[in-house]
Protein chains: 4
Amino acid sequence: MKLAIFGLGRMGANMARRLSRGGITVVAHNRSRAPIDELLHEEDHIVPAYEEADVFRELDGPRVIWLMLPAGAITSQAIERLLPQMSPGDVLVDGGNSRYSETMAHAERVEAAGVHFLDCGTSGGVWGLKNGYSLMVGGTKAGFAHIEPAIRVLAPSPDSGWGHVGPAGAGHFTKMIHNGIEYGMMQAMAEGLAVLRKKSEFDLDLAQVTELWREGSVVQSWLLDLTAEALKQEGQGLEAIRPHVADSGEGRWTAIEAIDLGVAAPVMTLALQMRFASQDDEGYGNRVLAMMRNAFGGHVVQRRDES
Amino acid sequence: MKLAIFGLGRMGANMARRLSRGGITVVAHNRSRAPIDELLHEEDHIVPAYEEADVFRELDGPRVIWLMLPAGAITSQAIERLLPQMSPGDVLVDGGNSRYSETMAHAERVEAAGVHFLDCGTSGGVWGLKNGYSLMVGGTKAGFAHIEPAIRVLAPSPDSGWGHVGPAGAGHFTKMIHNGIEYGMMQAMAEGLAVLRKKSEFDLDLAQVTELWREGSVVQSWLLDLTAEALKQEGQGLEAIRPHVADSGEGRWTAIEAIDLGVAAPVMTLALQMRFASQDDEGYGNRVLAMMRNAFGGHVVQRRDES
Amino acid sequence: MKLAIFGLGRMGANMARRLSRGGITVVAHNRSRAPIDELLHEEDHIVPAYEEADVFRELDGPRVIWLMLPAGAITSQAIERLLPQMSPGDVLVDGGNSRYSETMAHAERVEAAGVHFLDCGTSGGVWGLKNGYSLMVGGTKAGFAHIEPAIRVLAPSPDSGWGHVGPAGAGHFTKMIHNGIEYGMMQAMAEGLAVLRKKSEFDLDLAQVTELWREGSVVQSWLLDLTAEALKQEGQGLEAIRPHVADSGEGRWTAIEAIDLGVAAPVMTLALQMRFASQDDEGYGNRVLAMMRNAFGGHVVQRRDES
Amino acid sequence: MKLAIFGLGRMGANMARRLSRGGITVVAHNRSRAPIDELLHEEDHIVPAYEEADVFRELDGPRVIWLMLPAGAITSQAIERLLPQMSPGDVLVDGGNSRYSETMAHAERVEAAGVHFLDCGTSGGVWGLKNGYSLMVGGTKAGFAHIEPAIRVLAPSPDSGWGHVGPAGAGHFTKMIHNGIEYGMMQAMAEGLAVLRKKSEFDLDLAQVTELWREGSVVQSWLLDLTAEALKQEGQGLEAIRPHVADSGEGRWTAIEAIDLGVAAPVMTLALQMRFASQDDEGYGNRVLAMMRNAFGGHVVQRRDES
């Protein structure tokens, strides 16, 4: 099998590697040359495509083009640009983190041109190359049949860690909710560790605690495995790490989706909001509270220069 | 009527003032002399009691002793010390912020000696002197009858803003939950203002917005009145105020009580926890999260010296 | 002054009444006749407009048309329909609960036609007729000048409870956040009362407690006033009321806005989500949890027919 | 090695089995005979102890007695009863779910008598027999040395899944926080599934989705494994399961501990509170909210008999 990957960032490049190692030929395209050359140098089944036109030259019909691009404008523009160059029966895969509602619009447009459209939610991060990716695919059955061989190579095993979960949009939707759950699980673990650490009288070794939970306990999980490893490497104090937690589109979209659907999702939502709090350098709400306490109770307000 | 107040901090001294202005004679006792002298100088119906023994000399039976002391050990010790000096039929009032479960233990001990015990939850802060206090009293009817005249003077009006709400402990319990509600209301308002402020494109004047809400709106409230006044005085940026929000026992006890009773109280509890977050200079949980994101996704961790 | 009100629902009809009583002539239009006739019968300064065309006949330029219609499609369609009939210099007011982003689009379209557009967030509910409304207006200064006389009549007093807060959209935005705060305050109060009630050993009378908080306490507020009155009328058990809490667009939009702005607003958001939980008859998430507990711990799952 | 287990409930009996299969002789005691006989019949290295006195007869010094009893009064009473019968150098292990503060008091009392005291937090549920238990042990090094051989047998492997984490109390403390994290992880997963299910347009198969997440995804975890299995067996609708989620002491204690320490733990706490909401048949807070909405906005309140 042969397919093209557009976008050789962290995720795209590693997926190209895993496909190549699984015997699938990857026509590798990227805006800049360096990641293409790197792949070419390292892997056996890579065909370089320095220009978009090269991709179309190298692929035979039905062509499979797999986008691994930043969600939003860049993905939308790529679809607009590529679609006129594709032929009925070709296959376009969005393997990035697009918002599922945009994906549904993309699908309608692409399918109207007779081109198959598939959305593939992809989890696994930097570990996917080695362990395989968890893949949630949306789209038609006919379209999915074209990419199933690649999916089986990308997945942890040919028969696990992947699924054709529903129509177009369902793949990105499922991946979005997956990330919402991930936010909640991460926050739960971080809170637990923060409580353990604050209990200084027990002088717990959090690298030890997380390590021992990895087997037999109810909280055993991959996030715990990574946490235990990182605490060992970083030292449990994490003094060097800034307590600032970024968030990505999918966490926000999950929280908004729950509101739109009228489903209570307090833990997933709060996990997001605690990240906002970590990002908040102004602390306006807290100033308001400190001011209020002063106003009704005469509680002393700490002025900036005292802090 | 004549009664003694023990403890002339911000609350106790103002209550003595309001009682004196209402024609009730206050035997004023405090560990240090200055607040006694200040009261004596300012108000008409103050009898100084520089020593505890003076209190007993100045009061006729049944003696009413009203404690306005810090909750916890100081209040408990005062009760232990005073009880042997009191006579059956005397009245001991705890007007501070004791935890209701301790209050119930105090009541049992005091009532066993034939002395009436009343717990008086007191709300109103620094404004109570002028506007009157909201008073929630627990204890027996017989005991309450002794202090009702003082309650009517302390309250905003003789017939409103006070109540004998239940048996011993019920006063402090009701006040505790009052504070829990207060936490939630404050947090709601602070969050709303923070969102308004973040929406910089509208360049809203929050002093104006809070002022206009004061009449006619659903959120009109005393907390809003104070907020509007303070925003006018401080300037809406609040740049000089440190975004650090202290918390007191009652907010914590309310959250714990809800857990003990198995009642979902997410808003009151979260309002407390957001204060904890404002107090957290270490940010350990957030470091853990930033570390995890790096571990699974290769997301860049900001090191301290980059921030 | 003379203006037209479109939409005589609960809010629109009462606003017409208050304007009429304040000496402003109201051309009253509604899809159905009955509310027009009712106003005509009750108030002095009402001009009936059974057809839209009547409105234009009755108003002199610059015409002020004030929409009090359901947000969303109905308001948008009304604007589309009316705009071609209006003349440069006329004034269109959206006094409903439109989403501010839609309002901004409406404003752009309307102003492009030379017609002034103003968005007026209106708080006060069924009490506005008597007490006046809290009014948050967005739009240009020139446009605002046209409606200021009416605003002063609708407001609690000519000089309070209203404000021209910013450009188009700012009025609805401010009202939206007002409602978010309202959700949080309501939830705080409801939680507090639920804890008080659960503490059965104190046998508290919640009608008494809420009544006494109304003066002097930190939680004094209009919501508390209403709660105290209602508990008196309904009886504190509220047995007859279904524990199902509806939500409206503004609560959801506030939560989403906070997410879009990256501002932590946990209390406003949770207040919304607890309403979702109250609406949830399926309880799927809770079934999942009960199932999980059984799966790892052998905890007994209650089957439906046992419950 | 030989030790006694007191309490052959679900956890105690399975631990006895795992120890016996690992070559450790278990003197098995239980209030009722049946579980003892069952063990005796099934396993090779079981010595029955129908009376407490039998335990002391069967064990040689230093005797190791391992309590697997319900936390609270039953465990405390057992310690009171057993301690006078033990000798200096003997070892008492509390392998149940005692609150760590009680454990610290127990330890002080037991150690004062020269008997080693160890607290062993035990995770693993019904799967521990097969997979091994995750064991968090508090106490002195000297005491721990006595039970280490048994710990290595109970654990998933001799060298993983267990740890001597700190002084007395640290084992139960660590286990308590473990459960708090577990609550948060469970709630995150349940919320995610509830959102997926509510999105009916995608007609997702949640048994498929959870199954595919089990490999390669960031949320892979044992809780997910169990969820996927259960959804397969139960059918994804879970119609037969009552949406009522019980909670145990450790979830509550974790939330309270976070408050006592002043650590923000919103996700662990909310996960608990959502369980409370699931248990709440009265819905008093929600009635209050519905009543308030009616009071200020005239929103219709649904009466019970309409629902």
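Under an unreviewed UniProt entry, the name given to chain A is Decarboxylating 6-phosphogluconate dehydrogenase, and the source organism is Guyparkeria halophila. Recorded in UniProt for chain A, the comment headed Pathway (unreviewed entry) runs: "Carbohydrate degradation; pentose phosphate pathway."

A. Structural context of the overall build of chain A. Along its length, chain A carries 13 helices and eight strands. Each of the three principal axes of chain A carries a C-alpha extent, and together these read 75 × 40 × 35 Å. Buried positions account for 63% of the 307 residues belonging to chain A. Partitioning the contacts of chain A with sequence separation of at least 6, the portion at a separation of at least 24 is 62%.

B. Quick look at unusual backbone geometry. All names here are of chain A. For the bond running from Gly61 to Pro62, omega is -10°, close enough to zero to count as cis. Relative to the elements of secondary structure, Pro62 occurs in the loop between α3 (52-58) and β4 (64-67). Unusually for a residue other than glycine, Leu238 sits at a positive phi of about 55°. Looking at the secondary structure, you find Leu238 in the loop between α10 (222-234) and α11 (249-261).

C. Local environment of the domain arrangement of chain A. Residues and elements named next belong to chain A. Along its sequence, chain A is carved into domain 1 (2-166) and domain 2 (176-286). Computed from C-alpha atoms alone, the centre-to-centre distance between domain 1 and domain 2 is 31 Å. With eight residues of domain 1 in contact, the opposing surface of domain 2 contributes eight residues. Counting the surface lost from both domain 1 and domain 2, the interface buries some 750 Å², and carbon and sulfur atoms represent 61% of this. Across the domain 1-domain 2 interface, the total number found is zero salt bridges. Linking domain 1 with domain 2 are two residue pairs in polar contact (both at pLDDT 80 or more). Among the residues forming the side of domain 1 that touches domain 2, the class breakdown is two nonpolar, five polar and one charged.

D. Quick peek at the nonpolar core. Core analysis: the largest hydrophobic core is formed by 239 residues, its most contacted members being Trp213(A), Trp213(B), Trp213(C) and Trp213(D). If we skip the residues at most four places from it in the chain, Trp213(A) touches Leu193(A), Leu196(A), Val219(A), Gln220(A), Leu224(A), Ser134(D), Met136(D), Thr174(D), His178(D) and Ile181(D).

E. Examining the interface of chain B and chain C more closely. Chain B puts 67 residues into the contact, and the matching count from chain C is 68 residues. Inspection of the region where chain B meets chain C yields two salt bridges. Along the contact surface separating chain B from chain C lie 22 residue pairs in polar contact (both at pLDDT 80 or more). Looking at the side of chain B that touches chain C, the elements that each hand over two or more residues are α5 (100-112), β7 (134-139), β8 (162-166), α8 (170-198), α9 (206-213), α10 (222-234), α11 (249-261) and α12 (266-279) of chain B. The class makeup of the residues in the side of chain B that touches chain C is 40 nonpolar, 20 polar and seven charged.

F. A look at the relation of the copies chain B and chain C. With an RMSD of 0.0 Å, the operation that places chain B on chain C is a rotation of 180° combined with a shift of 0.0 Å along the axis. Here the symmetry operator amounts to a two-fold rotation axis. Minimal C-alpha separation from the rotation axis in chain B is found for Ser221(B), amounting to 1.9 Å. A shared interface surface links the copies, since 100% of the contact residues of chain B are contact residues in chain C too.

G. Molecular detail of the sheet that holds strand β1 (residues 2-6) of chain B. Residues and elements named next belong to chain B. Strand order in the open sheet formed by eight strands is β3-β2-β1-β4-β5-β6-β7-β8, and the pairing between neighbours is mixed. Two strands lie at the open edges of the sheet, namely β3 (46-49) and β8, each paired on one side alone. Within this sheet the neighbouring strands show an average axis-to-axis angle of 25°, counted without direction. Here three bridges tie β1 to strand β4 (residues 64-67), and the two strands are oriented parallel to one another. Within β4, the residue paired with Phe6 across the bridge is Leu67. Relative to strand β6 (residues 116-123), α5 is tilted by about 150°, and along the sheet it contacts β5 (91-94) and β6.

H. Representation of the packing of helix α13 (residues 284-297) of chain C against helix α10 (residues 222-234) of chain D. In contact at an axis separation of 9 Å, α13(C) and α10(D) are set at 105° when each is read in the N-to-C sense. Considering their axes alone, α13(C) and α10(D) lie roughly perpendicular with respect to each other. Across the interface between the two elements, Tyr284(C), Met291(C), Met292(C), Ala295(C) and Phe296(C) from α13(C) touch Trp222(D), Leu223(D), Leu226(D), Thr227(D), Ala230(D) and Leu231(D) from α10(D). Considering only residue class, the contact of α13(C) with α10(D) consists of 10 nonpolar, one polar and no charged.

I. Just the environment of Gly180(A), in detail. Residue and element names in this part refer to chain A. Along the chain, Gly180 falls in helix α8 (residues 170-198). Looking at Gly180, the relative accessible area reads 2%, which means it is buried. The spacing of Gly180 and Trp253 is 73 residues in sequence and 8.5 Å in space, taken between C-alpha atoms. Gly180 has contacts with Thr254 and Met268, leaving out every residue within four places of it along the chain.

J. Seen up close, the relation of the copies chain C and chain A. Overlaying chain C on chain A yields an RMSD of 0.0 Å, the required transformation being a rotation through 180° with an accompanying axial translation of 0.0 Å. When you check the interface residues of chain C against chain A, 100% turn up at the interface there too, and the contact is symmetric in its surfaces.

Reading the values: the criteria
- Residues numbered from 1 in each chain as written.
- Chains lettered and ligands numbered in written order.
- Predicted model: local features only at pLDDT ≥ 70, side-chain atom pairs only at ≥ 80, totals over all residues.
- Heavy atoms only, no water.
- UniProt positions renumbered as here; feature names shortened; annotations may be inferred.
- Helix = DSSP H or I, 4+ residues; strand = E, 2+ residues; numbered from the N terminus.
- Buried < 20%, exposed > 50% of the residue type's maximum accessible area, 1.4 Å probe, protein only.
- Contact = heavy atoms within 4.5 Å.
- Domains from an automatic or database assignment.
- Buried area = accessible area lost by both parts, 1.4 Å probe.
- Salt bridge = Lys/Arg side-chain N within 4 Å of Asp/Glu carboxyl O.
- Polar contact = N/O pair within 3.5 Å; in protein donor to acceptor, adjacent residues only side chain to side chain.
- Nonpolar A, V, L, I, M, F, W, Y, C, P; charged D, E, K, R; others polar.
- Core = buried A, V, L, I, M, F, W, Y, C linked by side-chain atoms within 4.5 Å.
- Least-squares fit on C-alpha atoms with pLDDT ≥ 70 in both.
- Pairing = 2+ DSSP bridges.
- Axes fitted to C-alpha atoms, helices over the stretch in contact; angles between N-to-C directions.
- Parallel < 35°, antiparallel > 145°, perpendicular 65-115°, else oblique.

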